[in-house]
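Okay, here's what each chain looks like letter by letter:
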Amino acid sequence: MYTPHPGRYADLPYRRTGRSGLKLPALSLGLWHNFGPDRPAETQRAILRRAFDLGVTHFDLANNYGPPPGAAESALGEALRADFAPHRDELVISTKAGYLMWPGPYGEWGSRKYLLSSLDQSLTRMGLDHVDIFYSHRFDPDTPLEETMGALHSAVQRGKALYVGVSNYSAEQTREAARILGELGTPLLIHQPRYSMLDRRPEDEGLLDALEELQVGSIAYSPLEQGLLTARYLDGIPEDSRAASDSPFLNTDAVTGELVERLRTLNGIAESRGQTLAQMALAWVLRGGRVTSALVGASSPRQLEDSVAATHHLDFDADELARIDAVVKR
């Protein structure tokens, strides 16, 4: 039987999520990749156990994570029953709905029918009666935002979610979502944007400013840019890499010679800080406290340990930030 490490809360920092009472670990574990029938179940459970031992109390999912869709939630459900049932109240479990999950007109986007049906299915796969955070995974241009936010509110009212969030919404869409939810009496807890040293849109398009003004938390996904901001691509494209597989999220065309040179320069800055490139990339996202948590994946416990170590050095001086900007923005 799994027994968690008694010192699991000693080292990893926790940050308050917006103006709520909920704290999230600075590093959260995402089950977007590496959780499903194509990976050994014992490896998946080992990653989850090691995460909890390190103080990573937040497991982030979506209905379509796998493959196949739903597989990640099923894998987590098995791990919850086997290892974490006595510790459910120590965990924050989140899921989302918005992307294609089943055929027909009710299998994606932001209608009330889709969102609440999807949440019921997610809870069944995980063997839970509620999740801690339920997200609208993407803005639906064809459904009134009042309907989408009303569905999130209903999830809370029905006791199937404790908090609600949005992902991939613009600053303007987020402001309007927060307004509607506030009027309903269910505050917007958190936004999950894509954000990294190489993808500055949350800064450039005013999203981080909006979240700060609204006192809404944030959790950044793809802070390592699908592995680009690691040591994997410093010498080009490895045969067993995501880019070599022509993944829809990263392909060979993206890894240009010019990008590799920039990654090597960033790696040199990281080494001068006593960090790996991945650790510096995570620390950069978390710098200054504007982001509540950085969302990382892991293919092994060791990879997760390397990511968590990034939280030991989150400060940057002005020269380091200027050097990073000079590389990224040139």
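This text follows the structure it describes.
Here the structure is a predicted model, which is why all the values come from computation and not from measurement.

Visitor: How should I be thinking about the layout of surface pockets in this particular structure?
Guide: The probe, sized like a water molecule, is rolled over the atoms to show the empty space still left. Here the second largest pocket is characterised by a volume of approximately 240 Å³. Around the second largest pocket, the lining is made up of 15 residues, and of these Arg19, Thr186, Pro187, Leu188 and Leu189 lie nearest the centre. Contributing elements (two or more residues each) for the lining of the second largest pocket: β7 (161-167), α5 (171-184) and β8 (188-192). By residue class, the composition of the lining of the second largest pocket is 8 nonpolar, 6 polar and 1 charged.

Visitor: Any chance you could explain the environment of Gly182 here in plain terms?
Guide: Within the secondary structure, Gly182 sits in helix α5. Exposure remark for Gly182: the relative accessible area of 49% places this residue in the partly exposed category. Counting along the chain gives 92 residues from Gly182 to Gly274, while the straight-line C-alpha distance between them is 44 Å.

Visitor: Can you walk me through the packing of aromatic side chains in this structure?
Guide: Two descriptors summarise a pair of aromatic rings, namely the distance from one centre to the other and the angle between the planes of the rings. Per the stated rule, a full pass over the model turns up 9 aromatic pairs. Centre to centre, the rings of Tyr9 and Tyr14 are 6.2 Å apart; their planes meet at 50°, and the pair counts as tilted. For Tyr9, a relative accessible area of 38% gives the class partly exposed. Aromatic side chains Phe139 and Tyr169 sit 5.6 Å apart centroid to centroid with 85° between the ring planes, which places their arrangement in the edge-to-face category. Of this pair, Phe139 sits in the loop between β6 (131-136) and α4 (145-157) while Tyr169 is found in the loop between β7 and α5, placing the two residues 30 residues apart along the sequence. The class of Phe139 is partly exposed, set by a relative accessible area of 25%. Linked through ring pairs, Tyr2, Phe52, Phe59 and Phe84 together constitute an aromatic cluster. The residue whose ring lies beneath Lys96 is Tyr135, and the NZ or CZ to ring-centre distance is 5.6 Å. The aromatic ring of Phe316 is capped on one face by Arg273, whose charged end is 3.7 Å from the ring centroid.

Visitor: Help me understand the packing of helix α8 (residues 257-272) against helix α11 (residues 318-328) in this model?
Guide: At a minimum axis distance of 9 Å, the contact between α8 and α11 shows a crossing angle of 170°. Our classification of the angle between α8 and α11 gives roughly antiparallel. Contacts between α8 and α11 pair Arg262, Thr265, Leu266, Ile269 and Ser272 from the former with Arg323, Ile324, Val327 and Val328 from the latter.

Visitor: I'm lost on α4 in this one. Help?
Guide: Owing to its 3.6 residues per turn, the α-helix aligns residues three or four sequence positions apart on the same side. Given a rise of 1.5 Å per residue, 13 residues ought to cover 18 Å, and the 18 Å separating the end C-alpha atoms of α4 matches this to within 8%. Within α4, 10 of the 13 residues are buried, which leaves it mostly tucked inside the rest of the structure. Listed as buried for α4 are Leu145, Thr148, Met149, Gly150, Ala151, Leu152, His153, Ser154, Ala155 and Val156. In this structure, the buried side of α4 is in contact with α3 (112-126), β6, β7 and α5. Remark: Gly159 follows α4 within two positions and exhibits a positive phi of approximately 75°.

Cut-off values and rules
- Residues numbered from 1 in each chain as written.
- Predicted model: local features only at pLDDT ≥ 70, side-chain atom pairs only at ≥ 80, totals over all residues.
- Heavy atoms only, no water.
- 1 Å grid on protein atoms, 1.4 Å probe; cavity = no way out; pocket = protein on both sides within 12 Å on 5 of 7 lines; lining within 4 Å.
- Points joined across faces, edges and corners; volume = space filled by probe spheres on them.
- Helix = DSSP H or I, 4+ residues; strand = E, 2+ residues; numbered from the N terminus.
- Nonpolar A, V, L, I, M, F, W, Y, C, P; charged D, E, K, R; others polar.
- Buried < 20%, exposed > 50% of the residue type's maximum accessible area, 1.4 Å probe, protein only.
- Phe/Tyr/Trp six-rings, centres within 6.5 Å; stacked < 30°, edge-to-face > 60°.
- Lys NZ or Arg CZ within 6 Å of the ring centre and 35° of its normal.
- Axes fitted to C-alpha atoms, helices over the stretch in contact; angles between N-to-C directions.
- Parallel < 35°, antiparallel > 145°, perpendicular 65-115°, else oblique.
- Contact = heavy atoms within 4.5 Å.
- Expected span 1.5 Å × (residues − 1).

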